[in-house]
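Tertiary structure, described
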Amino acid sequence: MSDNIIEIRNVTKTYGAKDAVKNASLNIKRGEFVTLLGPSGCGKTTTLRMIAGFEMPTSGQIIFDGEDITDTPPHLRRVNTVFQKYALFPHLSVFNNIAFGLKMKLIPNGTKVNRKGEEVQLFRKYTKAEIKAKVDAALKMVDLEDYGHRGVSSLSGGQQQRVAIARAIVNEPEVLLLDEPLGALDLKMRKDMQLELMDMHKRLGITFVYVTHDQEEALTMSDKIVVMRDGVIQQIATPETVYDEPANAFVADFIGESNILSGVMLEDFKVEFADTVFECVDKGFKKNEPIDVIIRPEDLKIKKPSDPKTILTATVLSSVFKGDHYQVTLMAGENELIAHDTSTYEKGSTVGLYIKPFDLHIMHKSRIINEIDTEMAGEGLVWISDGKFECNCDFEAGAPVKVKVDFDDVIITDDEEDGVIGATVVSSIYKGSYYQCIVRTDDYYDFFVDTDDDWLKGDRVGINIAPEKIIVERREVSENDAPEEAPVPDQTAEATENDDAEVKG
Amino acid sequence: MTAAAIAVSKPKRKFKLTKRVFSYPYVLFMLLFVVIPLVMILVNAFLDSDNTLTLDNFADFFTDKSSLIILANSLLVGVITTAICLIIGYPLSYILSKMPSGRVLVLFYVLPMWVNFLIRTLATKAIFIAIDVPLGMGTVIFGMVYNYLPFMILPLHTTLSSIDRSYIEAAQDLGADSSTVFLKTVLPLSVSGIISGITMVFIPTISTFAISQLLSNGKIFLFGDSIQMKFEQGLYGVGSIMSLVMLAFVLVSNFIINRAGRKSGLSVGRSLW
Amino acid sequence: MVKVKGLFEKAYLFVILAILYAPILLIIVYSFSNSSNFRFDEGFTFEAYISIFNSEKSPALWDAVGNTFLIAAVSSVIATVVGSFAAIGIFAMGRKARRVLENVNQFPIINSEIVMAVSLMIFFVTFAFPEGYLRLIIAHIAFCTPYVVLSVLPKLESMDPNVYEAALDLGANPFKALVKVLFPMITPGIVSGFVLAFTLSMDDFIITQINKGASTGINTLSTYIYSDARVQGLEPFWYAIFSIIFVVILALVLTLNLVRINRRKQQEKEGAI
């Protein structure tokens, strides 16, 4: 048998037309501390709730200790949950809250031989004394020995949190699920509890599955981080790898600070961005393939312009003290860069920049042009989502076509009414000299848009495209051609068909 | 992906399903004893005494002068009562909402509502007789106001006291004098309370029966009395038409309340007799 | 200036309060006069109170009191059980079904009582329901249950949905989770729903009057007051009864509300700490 305690196999969860989790697969090893990390609405809580049994996957399987538990109701699963807002029973004392699970439990109590001569397993409930002993031990574990008789509403947030943890671990679950358990605590308390939880994980030796949107928390506590976005798993790796080798621009942007720039891979080990050619350690890209380059601020070394190592020069825009370093904002050509340095630099001064080849993280672009399979709506008119766009093309109405629009040819308008169609801003990532936004139309097509402005996630906007910027090609209709969307190679671009389906995430 | 979703669509959570079943007895009960009776009113409106279809009931009601006069009278009494309740109740609620102990004090104004309205009406009637006030329109309106004033105060107080003080302070800070503050912030913010207060007084006033009879010695009949009379006389057809008219008033006023963004405790107000 | 205004406001509050309570106080004072004309001809006496027990109307009166409590008890218990389960069921429903049911539930509350009364009467007559308690109890359940649903639903809404899930998570099956966690948590709503249903039923006049049926002779307190006092005015013993009702109800409602306000204040204080 494998050493995986939980295997999630191709799990999809759909609410109405939206996918909260899309084709997620994940193995969790016995005793591991696994963190599901992502912004709210990314599907992490839904995934956890499917493991707990509160949600049933729309498709896919969940395997627990080699056994398919996809259809097992929550009260029969050997996992326990620590909820976000504790979910303590307000009508019960601390003691009875913790004893609740024990009182429900039946434990093996010898066997007997029935009339047919078969051996039958007998069960009994825990005795009062056993329950008391276990509850007292759990209370001791969370440092609340004298609080058993108290009502839960009289406790502070941190104490309630401890009761919630004690209530879960007293049942000796094989897996403890924690849904943003520290979200409601203040910063200092959170730091303390992080350490305590890590300690508890070590002492109990059981598997922890932890959900958070706090990347620092995830990096500190986990053995393994699962980064999610829009219901799709982006990367599964150790904290170090997630930080140093993010799988894509989203992960890089979400974990820690980073400079993300558009560039071109000239050939193996040679990349060009910010009008400069850099050495790098990556290979295997196509010649002149457009790529994203990710540079962590601490990897951007500031030198004197005359220093021999200097690769490109930049102007200092600002330098702000951040406690243990200065955050220096620089302008190199058209690109804004952020560097962390131990010393400060005068605003307006010119500095040299150096990046080790090893510190340049190069990533395939998830998409290089917006491509939509659609139909002509009439002479010089093409359907995109539920709007008719003017275009310079005279195919007949109804003709199947492929429409291509460059990222910077899509115009976003502040007022939804000003656009031909309406859409919702899904994300906005700064790429040095512009923002790359993803805006989702009402029929779930994601437009990639390069703009000068930072658009607020969740805002409704309008979309306009100039007629001459719409490239229309006639499309061969094959049988398995999906009418709405062309297949896009990279998985990040697949992140299309769900929005904020998950409310609690 | 859609194909997969359909193919593997799993049964929903079982306990959810069983919980939903809990409401079925109630749904059945409501269907039987609330929805069907109302439908029967509708049906009866089109039946004559031999249970044959007819439109005569409509003709009877809308050409019968006395019925129409009663309706007009009821509306008049309703409007006057509502206006007086608003004039008395608004300043009262406003003053109470400004007082720190308002939440407790308002209780004393709505307390009489818990005593059966017949008892209070008979008590006032006894007093009117004792001090030789002639029973008539004046006493009927007094009785109505006396009975329904709490229905005005309750929603008004709820909305007025829930207005965030900082709006008022902001208006003062921006240089508004006290009357401007009132007109430009308090009044507009309490519109929903005013509207629910108005409907909560108006509808019971025109539909109640007994109050006007008792306080006018049977001289003044309002719409509620009239509906009851018709049914007592076995005139189900006309009675049903009149009930439908009443129902129309109820639905329109409820629609208005909903539109105005009902926030305050409608249920609290109507629950009190 | 400000002081004068404050004084004026206080005077206004006091005058309205005085008018609201004057009839009540007068009735209480003159209940000790054993007269109907607001004069102490016989001096201070408990005669009126004694006659509650030994006048020729006493049997009918006590019969009405008994009916009032019987009907209120039976219908409010049924309404509470049906309504609480209904609320859980409605809460578990999808958005659309839930909105439909909430609107149906709202209807008896917004509807004019007279329309509800006559619609039930038509229904009972058409389907030949036996006159008497059965009709009255069904009618009372019909108008009380929506209030129970309305007092339980908010408790369910304010409940952290994770709490029920936590019970399942800890190994309770859905039935145990319901009994051990869900019910205890919504108990305050169920209790206040019951109290509301009981008082509403006790207090009802219009629906009872129209549905009690002429031949049965069943009276509740309010219909008995109406039939007895409508014609010949209030006999002295009514003053005594009214006084008792005033004092009991006002004291009850006042303490209940003050306790509630106090508890809320205390919670706020605890919350602040």
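Residues numbered from 1 in each chain as written. Chains lettered and ligands numbered in written order. Predicted model: local features only at pLDDT ≥ 70, side-chain atom pairs only at ≥ 80, totals over all residues. Heavy atoms only, no water.

With 80 residues of chain B in contact, the opposing surface of chain C contributes 90 residues. Of the roughly 7,600 Å² buried between chain B and chain C, counting both surfaces, carbon and sulfur atoms make up 78%. Connecting chain B to chain C are one salt bridge. With a closest N to O distance of 3.2 Å, Lys98 of chain B and Glu9 of chain C form a salt bridge. Summed over the shared surface of chain B and chain C, the result is nine residue pairs in polar contact (both at pLDDT 80 or more). Top contributing element to the side of chain B that touches chain C by residue count: helix α3 (residues 24-44) of chain B, with 15 residues. Residue composition of the side of chain B that touches chain C, by class: 56 nonpolar, 14 polar and 10 charged. (Contact = heavy atoms within 4.5 Å. Buried area = accessible area lost by both parts, 1.4 Å probe. Salt bridge = Lys/Arg side-chain N within 4 Å of Asp/Glu carboxyl O. Polar contact = N/O pair within 3.5 Å; in protein donor to acceptor, adjacent residues only side chain to side chain. Helix = DSSP H or I, 4+ residues; strand = E, 2+ residues; numbered from the N terminus. Nonpolar A, V, L, I, M, F, W, Y, C, P; charged D, E, K, R; others polar.)

The next subject is the interface of chain A and chain C. Contact residues are listed per partner, giving 22 residues for chain A and 18 residues for chain C. Counting across the interface, chain A meets chain C through one salt bridge. When contributions to the side of chain A that touches chain C are tallied by element, the ones reaching two or more residues are α1 (44-52), β6 (79-82) and α2 (94-104) of chain A. Looking at side-chain class alone, the side of chain A that touches chain C contains 11 nonpolar, six polar and five charged residues.

So, on to the sheet that holds strand β27 (residues 410-413) of chain A. All names here are of chain A. Spatial strand order, β27-β31-β28-β29-β30: five strands in an open sheet with antiparallel pairing. Edge positions in the open sheet fall to β27 and β30 (446-451), since each of these has one partner strand only. Within the sheet, the average angular offset between the axes of one strand and its neighbour, ignoring direction, is 45°. Inspection of the sheet shows β27 paired to strand β31 (residues 460-465) by four bridges, in the antiparallel sense. From the neighbouring strand, Val410 faces β31, where its bridge partner is Ile465. (Pairing = 2+ DSSP bridges. Axes fitted to C-alpha atoms, helices over the stretch in contact; angles between N-to-C directions.)

Residue and element names in this part refer to chain B. On average, residues of chain B carry a pLDDT of 82, and 88% of them reach 70 or more. This stretch, residues 1-17, has a pLDDT under 50; its non-local contacts, to residues over four places away or in other chains, come to 21 contacts. Within the model, the stretch residues 262-273 combines pLDDT values under 50 with 40 contacts to residues more than four positions away or in other chains. (pLDDT = per-residue confidence, 0-100.)

To continue, consider the packing of aromatic side chains. Per the counting criterion, the structure on display carries 43 aromatic pairs over all chains. An angle of 40° between the planes, with centres 5.3 Å apart, marks the rings of Phe46 of chain B and Phe58 of chain B as tilted. Placement of the pair is Phe46 of chain B in the loop between α3 and α4 (56-63) and Phe58 of chain B in helix α4, with a sequence separation of 12 residues. You can call Phe58 of chain B partly exposed: its relative accessible area is 27%. Considering the side-chain rings of Trp238 of chain C and Phe242 of chain C, the 5.9 Å spacing of their centres and the 45° angle between planes classify their relative orientation as tilted. Of this pair, Trp238 of chain C and Phe242 of chain C both sit in helix α11 (residues 236-272), separated by four residues, roughly a single helical turn. Note on Phe242 of chain C: relative accessible area 0%, which makes it buried. Three or more aromatic residues joined by ring pairs make a cluster, and in this case those are Phe29 and Phe33 of chain B together with Phe123, Phe124, Phe127 and Phe129 of chain C. Stacked on the ring of Tyr243 of chain A, the Lys or Arg Arg296 of chain A has its end atom at 4.2 Å from the ring centre. One Lys or Arg, Arg474 of chain A, reaches over the ring of Phe395 of chain A and ends 4.5 Å from the middle of that ring. (Phe/Tyr/Trp six-rings, centres within 6.5 Å; stacked < 30°, edge-to-face > 60°. Buried < 20%, exposed > 50% of the residue type's maximum accessible area, 1.4 Å probe, protein only. Lys NZ or Arg CZ within 6 Å of the ring centre and 35° of its normal.)

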